[in-house]
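This is what each chain is made of:
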Amino acid sequence: MPQVANQSLLEQGILTLIQQVFKKGFDEGKQNDYQLLSRKELCSQVLHIDVNTFDQHFRFQPGFPSVKDGSLERYYVPAVHEWLMEHQSIN
(Lines give C-alpha, C1' and ligand atoms only; values in the text may rest on other atoms or scores of the structure.)
Protein backbone atom coordinates (compact mmCIF):
# COMPACT_ATOMS: atom_id res chain seq x y z
CA MET A 1 0.00 0.00 0.00
CA PRO A 2 1.57 3.35 -0.98
CA GLN A 3 2.06 5.82 1.85
CA VAL A 4 -0.35 8.76 1.74
CA ALA A 5 0.96 12.19 2.73
CA ASN A 6 0.64 12.89 6.48
CA GLN A 7 -0.10 9.24 7.25
CA SER A 8 2.19 7.49 9.70
CA LEU A 9 3.26 3.87 9.45
CA LEU A 10 1.07 3.12 12.47
CA GLU A 11 -1.96 4.65 10.77
CA GLN A 12 -1.19 2.68 7.61
CA GLY A 13 -0.94 -0.53 9.62
CA ILE A 14 -4.23 0.11 11.40
CA LEU A 15 -5.97 0.93 8.13
CA THR A 16 -4.59 -2.24 6.51
CA LEU A 17 -5.74 -4.35 9.47
CA ILE A 18 -9.24 -2.84 9.35
CA GLN A 19 -9.46 -3.51 5.61
CA GLN A 20 -8.40 -7.14 6.13
CA VAL A 21 -10.94 -7.68 8.92
CA PHE A 22 -13.70 -6.08 6.86
CA LYS A 23 -12.86 -8.21 3.82
CA LYS A 24 -12.76 -11.39 5.92
CA GLY A 25 -16.16 -10.59 7.45
CA PHE A 26 -17.61 -9.75 4.04
CA ASP A 27 -16.25 -12.96 2.50
CA GLU A 28 -17.61 -15.07 5.38
CA GLY A 29 -20.97 -13.35 5.05
CA LYS A 30 -21.11 -14.29 1.38
CA GLN A 31 -20.37 -17.91 2.28
CA ASN A 32 -23.22 -18.02 4.79
CA ASP A 33 -26.18 -18.23 2.46
CA TYR A 34 -28.66 -18.04 5.30
CA GLN A 35 -31.99 -19.64 4.80
CA LEU A 36 -35.04 -20.11 6.92
CA LEU A 37 -34.41 -22.97 9.34
CA SER A 38 -36.88 -25.24 11.06
CA ARG A 39 -37.04 -25.31 14.84
CA LYS A 40 -35.00 -28.51 15.00
CA GLU A 41 -32.39 -27.17 12.54
CA LEU A 42 -32.06 -23.92 14.48
CA CYS A 43 -31.59 -25.77 17.76
CA SER A 44 -29.06 -28.29 16.47
CA GLN A 45 -27.08 -26.22 13.95
CA VAL A 46 -27.09 -22.76 15.51
CA LEU A 47 -28.10 -22.69 19.17
CA HIS A 48 -26.77 -26.15 20.13
CA ILE A 49 -29.57 -26.71 22.60
CA ASP A 50 -32.42 -29.17 22.94
CA VAL A 51 -35.73 -28.17 21.30
CA ASN A 52 -37.49 -28.38 24.68
CA THR A 53 -35.02 -25.89 26.15
CA PHE A 54 -35.61 -23.63 23.15
CA ASP A 55 -39.38 -23.85 23.65
CA GLN A 56 -39.13 -23.10 27.38
CA HIS A 57 -36.71 -20.18 27.21
CA PHE A 58 -36.83 -18.56 23.78
CA ARG A 59 -39.54 -19.58 21.34
CA PHE A 60 -42.48 -17.90 23.07
CA GLN A 61 -40.68 -14.79 24.27
CA PRO A 62 -42.27 -11.54 23.02
CA GLY A 63 -40.69 -10.48 19.75
CA PHE A 64 -38.68 -13.65 19.16
CA PRO A 65 -38.19 -13.61 15.37
CA SER A 66 -39.95 -16.26 13.34
CA VAL A 67 -41.67 -16.53 9.99
CA LYS A 68 -44.78 -18.55 9.26
CA ASP A 69 -44.30 -21.05 6.46
CA GLY A 70 -47.75 -22.57 6.13
CA SER A 71 -48.38 -24.20 9.47
CA LEU A 72 -44.65 -24.27 10.35
CA GLU A 73 -42.47 -21.67 12.01
CA ARG A 74 -39.14 -20.92 10.37
CA TYR A 75 -36.22 -18.92 11.75
CA TYR A 76 -33.81 -16.58 9.98
CA VAL A 77 -30.40 -16.96 11.66
CA PRO A 78 -29.26 -13.29 11.53
CA ALA A 79 -32.59 -12.16 13.05
CA VAL A 80 -32.31 -14.74 15.83
CA HIS A 81 -28.72 -13.70 16.51
CA GLU A 82 -29.71 -10.02 16.69
CA TRP A 83 -32.61 -10.80 19.05
CA LEU A 84 -30.31 -12.82 21.32
CA MET A 85 -27.75 -10.00 21.41
CA GLU A 86 -30.44 -7.46 22.33
CA HIS A 87 -31.98 -9.67 25.03
CA GLN A 88 -28.96 -11.08 26.80
CA SER A 89 -28.61 -10.41 30.51
CA ILE A 90 -25.32 -9.62 32.16
CA ASN A 91 -25.05 -10.60 35.81
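Refer to the structure printed above.
The rules we used
- One numbering rule holds for all chains: residues counted from 1, following each sequence as written.
- With pLDDT at 70 or above as the cut-off, local features in this predicted model cover only qualifying residues; side-chain atom pairs require 80 or more to be listed or tallied, and sums for whole chains, interfaces and linings still use all residues.
- Calculation of side-chain values draws on the structure's entire complement of heavy atoms; hydrogens and water are dropped beforehand.
- At least two bridges found by DSSP between two strands are what make those strands a pair.
- The helix count covers DSSP runs of H or I at least four residues long, the strand count covers runs of E at least two residues long, and both are numbered beginning at the N terminus.
- Contacts: residue pairs with any heavy atoms within 4.5 Å of one another.
- A fitted line through C-alpha atoms represents every axis, and for helices the fit uses only the stretch in contact; the resulting angles, taken between N-to-C directions, go from 0 to 180 degrees.
- Orientation labels follow simple angle bins: below 35 degrees gives roughly parallel, above 145 gives roughly antiparallel, 65 to 115 gives roughly perpendicular, and whatever is left gives oblique.
- We call Asp, Glu, Lys and Arg charged. Ala, Val, Leu, Ile, Met, Phe, Trp, Tyr, Cys and Pro are nonpolar, and the rest, Gly among them, are polar.
- Buried residues are those whose accessible area, probed at 1.4 Å on protein chains only, stays under 20% of the maximum for their type, while exposed residues exceed 50% and partly exposed ones sit between those limits.
- Put simply, two rings from Phe, Tyr or Trp (the six-membered ring, in Trp's case) pair if the centres are within 6.5 Å, and we call them stacked under 30 degrees between planes, edge-to-face over 60, tilted for the rest.

## Describing the sheet that holds strand β2 (residues 67-69)
Part 1 of the reasoning: Read from one edge to the other, the open sheet built from three strands follows the order β1-β3-β2, with strand pairing classed as antiparallel. Strand pairing shows two members of the sheet lacking a second neighbour, β1 (36-37) and β2, which therefore form its edges.
Part 2 of the reasoning: Note that β1 and strand β3 (residues 72-76) share two bridges and pair antiparallel. Bridge pairing in β3 places Leu-37 opposite Tyr-75.
Part 3 of the reasoning: Helix α4 (residues 77-86) rests against β1 and β3 of the sheet, and its axis sits at about 75 degrees to β3.

## Brief notes about the packing of helix α2 (residues 39-47) against helix α3 (residues 51-59)
To describe two helices that pack against each other, one gives the angle between their axes and the distance between the axes.
Part 1 of the reasoning: Running from amino to carboxyl end, α2 crosses α3 at an angle of 95 degrees, the nearest separation of the two axes being 10 Å. Classified by the angle their axes make, α2 and α3 are roughly perpendicular. The segment α2 lies against α3, with Arg-39, Lys-40, Leu-42, Cys-43 and Leu-47 engaging Val-51, Phe-54, Asp-55 and Arg-59.
Part 2 of the reasoning: Its residues assigned to classes, the contact of α2 with α3 comprises five nonpolar, no polar and four charged.

## Some words on the environment of Leu-37
Part 1 of the reasoning: Following the sequence through the fold, Leu-37 ends up in strand β1.
Part 2 of the reasoning: The exposure class of Leu-37 is buried, given its relative accessible area of 6%.
Part 3 of the reasoning: In sequence terms Leu-37 and Tyr-76 are 39 residues apart; their C-alpha atoms lie 6.5 Å from each other.
Part 4 of the reasoning: Apart from residues no more than four positions distant in its own chain, Leu-37 is found in contact with Leu-42, Gln-45, Val-46, Glu-73, Arg-74, Tyr-75 and Val-77.

## Notes on the packing of aromatic side chains
Part 1 of the reasoning: Taken as a whole and assessed by the stated rule, the structure comprises five aromatic pairs.
Part 2 of the reasoning: One aromatic cluster in this structure is built from Phe-54, Phe-58, Phe-64, Tyr-75 and Trp-83.

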